Amino acid sequence: MSDKPTYYVTTPIYYVNDAPHIGHAYTTLACDVLARFKRLDGFDVRFLTGTDEHGQKVEKSAQAAGKDPQTFTDEVSQNFRDLADFMNFSHDDFIRTTEDRHIKACQAIWKKLEEAGDIYLDNYGGWYAVRDEAFYGEDELTKTPDGKRIAPSGAEVEWVEEPSYFFKLSEWGDRLLAHYDANPDFILPESRRNEVTSFVKGGLNDLSISRTTFNWGVPVPGDDAHIMYVWLDALTNYITAVGYPETESGNYAKYWPADLHMVGKDILRFHAVYWPAFLMAAGLEPPKRIFAHGWWTNEGQKISKSLGNVIDPIELSNKYGLDQVRYFLLREVPFGNDGDFSHTAMVNRMNGELANDFGNLAQRVLSMTAKNCDGKVPNPGELSDDDNALLGQAQGLLAAVREHMDRQAFNHALETIWIVIRAANAYVDHQAPWKLRKEDPARMETVLYVLAETIRHLAILCQPVMPGTMAKMLDQLGVPADARGFEALGEAGALKPGAELPKPEGVFPRFVEEDAGA
Ligand code: ME8
């Protein structure tokens, strides 16, 4: 067995009621970048995504489409898989909640909760929002002028009255608070953690965990009249995928507890309150961290189908480039905050930071090398203080970037890398290798070598965010495929003077407005 440290990261499993959009791509992208980063950093990574296919919302969408729920979910789930492939996501598993492995896991956890005495049968009478698949208390609702009741999420609620099994959530408040206290990074960012803590301090009600008025769900073991509440079903996916109910060996023993459940802020309560309570009640360990990121709007407006402003990540990438979009989404907004998509902001980042800063640096250095060093890695002489300063900055990046990545601060990680990109551009201007060509060709080779080494560091570190373009850049530097992990940073994988280099080609085109409609 490998003795690598493990890293298990999950996305929410998305409802198959609708086409995937930029919000779904965003969450999975963040996980993909972490998964790629950890793999390059020597971890044994498990990266899970998938689709949430049961419940009333999906059943209603299937009916509206005139299809039986299984056919409908098969089709829509495939759209999410296709998006993941298109976006170059590197998940190790794609779970669907209609799979047998998952139904088995759901029924197993139900039995554990029952054996622990945490489930009882009663009647539920209360408000339910199908859009959120969530129960709401009267005090959480607002009324519209025409008498409709609206949940804080904006979803309309309906009155539900039916026999239901309940989970004794009310008994878990103190244990949850103790857990948050003992694990200050369990919920990030901190503002979200405070929100959850005050919600739990306000007192928890028992939670209805079964439904009887429709049947698109996992049957409750021993009582076929009930199906499991879709959130208990959905949350369980995180352990299904590592082989639950087998807990002693295999992937569960290896990867659980998960290092990170990445979610949007809309579903934090389910992950940070219900899920750890279910797990603790079933005698299982809670995950190590839940990160709730912010919400994207489009040119200042809420993204919604009815407003017709849903952003399709495929269209966006076809227009600006996939890695450009991946970069923009993680660089534009401090991770955790809400963000606004705008064409102007996208083009500014793409042209300013990618084409001008990074693209020009690589292009200038590689084409000068191709022309003046016979298409080979230049031969460095003795290094000056300036050379050592730049190389030192490049070599110091991994530790700084790792720290930001470990707190999901993608924007800071990228800003830190860009400080070195800008320093490298200033170094080029200052050293002026084009002048050295005639005056001091040996010094020119040293300068170009220092730059090529710096670019090698930058490209290796940018791989998680921009895997496609960075692979091209590393190809152009002649870095072999097995020397692109972080262990090759520093001097370990240093470029070999005299090695042949392929012909350089730009990897970050500028976006020119006239091209837009072409
Ligand atoms: O909630 N901005 O699924 P879902 C940012 N099935 N992120 C967004 C977004 C936006 N405008 N819109 C969606 C569910 N998201 C459940 C999850 S998990 C056990 C079950 C992202 O299809 C964000 O991650 O409604 C959000 O939490 C998720 O999509 C909701 O996806």
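The rules we used
Residues numbered from 1 in each chain as written. Predicted model: local features only at pLDDT ≥ 70, side-chain atom pairs only at ≥ 80, totals over all residues. Heavy atoms only, no water. Phe/Tyr/Trp six-rings, centres within 6.5 Å; stacked < 30°, edge-to-face > 60°. Helix = DSSP H or I, 4+ residues; strand = E, 2+ residues; numbered from the N terminus. Buried < 20%, exposed > 50% of the residue type's maximum accessible area, 1.4 Å probe, protein only. Axes fitted to C-alpha atoms, helices over the stretch in contact; angles between N-to-C directions. Parallel < 35°, antiparallel > 145°, perpendicular 65-115°, else oblique. Contact = heavy atoms within 4.5 Å. Nonpolar A, V, L, I, M, F, W, Y, C, P; charged D, E, K, R; others polar. Near = heavy atom within 4 Å. Polar contact = N/O pair within 3.5 Å; in protein donor to acceptor, adjacent residues only side chain to side chain. Areas by Shrake-Rupley, 256 points an atom, 1.4 Å probe, with all protein chains shown as cover. Pairing = 2+ DSSP bridges.

On to the packing of aromatic side chains, then. Counted according to the given criterion, the structure contains 30 aromatic pairs. Between the aromatic rings of Tyr 14 and Phe 80, the centroid separation amounts to 5.6 Å while the plane-to-plane angle is 10 degrees, which identifies the pairing as stacked. Pair noted here: Tyr 14 is in strand 1 (residues 6-15) and Phe 80 is in helix 3 (residues 69-86), with a separation of 66 residues, a long-range link. Like Phe 80, Tyr 14 is buried. Pairing Phe 135 with Tyr 229 gives two aromatic rings, centres 5.0 Å apart and planes at 55 degrees, and the pair type is tilted. Pair noted here: Phe 135 is in strand 5 (residues 134-136) and Tyr 229 is in the loop between strand 13 (223-228) and helix 7 (230-235), with a separation of 94 residues, a long-range link. Neither Phe 135 nor Tyr 229 differs from the other in exposure class; each is buried.

For the rest of this paragraph, the subject is the packing of helix 1 (residues 22-40) against helix 12 (residues 322-332). Any two packed helices are characterised by how steeply their axes cross, that is the angle between the axes, and by the distance between the axes. Where helix 1 contacts helix 12, the two axes come as close as 10 Å, and the packing angle between them is 90 degrees. On the basis of their axis angle, the class for helix 1 and helix 12 is roughly perpendicular. Across the interface between the two elements, Ile 22, Tyr 26, Leu 29, Ala 30, Asp 32, Val 33 and Arg 36 from helix 1 touch Arg 326, Leu 329 and Leu 330 from helix 12. In terms of residue class, the contact of helix 1 with helix 12 is built from seven nonpolar, no polar and three charged.

Moving on to the site of the ligand. Not every one of the 22 residues close to the ligand is listed here, only the nearest: Ile 13, Tyr 15, Thr 27, Asp 52 and Asp 266. With respect to the ligand, the side chain of Thr 27 contributes an N or O atom lying 2.6 Å from an oxygen atom. Trp 296 has a polar backbone atom sitting 2.9 Å from a nitrogen atom of the ligand. Protein chains bury 94% of the 670 Å² of accessible surface belonging to the ligand in isolation. Elements with a contribution of two residues or more to the shell around the ligand: strand 1, helix 1, helix 7 and helix 8 (237-240). Take the shell around the ligand: its biggest share by element is four residues, from strand 1. In terms of residue class, the shell around the ligand is built from eleven nonpolar, nine polar and two charged.

What follows covers the sheet that holds strand 18 (residues 339-341). Spatially, 17-16-18 is the arrangement adopted by the three strands of the open sheet, whose pairing is mixed. The sheet is open, and its two edges are formed by strand 17 (301-302) and strand 18, each paired on a single side. Relative to strand 18, strand 16 (residues 296-298) runs parallel, the two being bridged by three bridges. Opposite Trp 296, over in strand 18, you have Gly 339 as the bridge partner.

What follows covers unusual backbone geometry. For the peptide bond that leads from Leu 188 to Pro 189, omega is -10 degrees, which places it in the cis range. If you trace the backbone, Pro 189 turns up in the loop between strand 9 (187-188) and helix 6 (190-201).

These results come straight from atomic positions and should not be treated as a statement about function.
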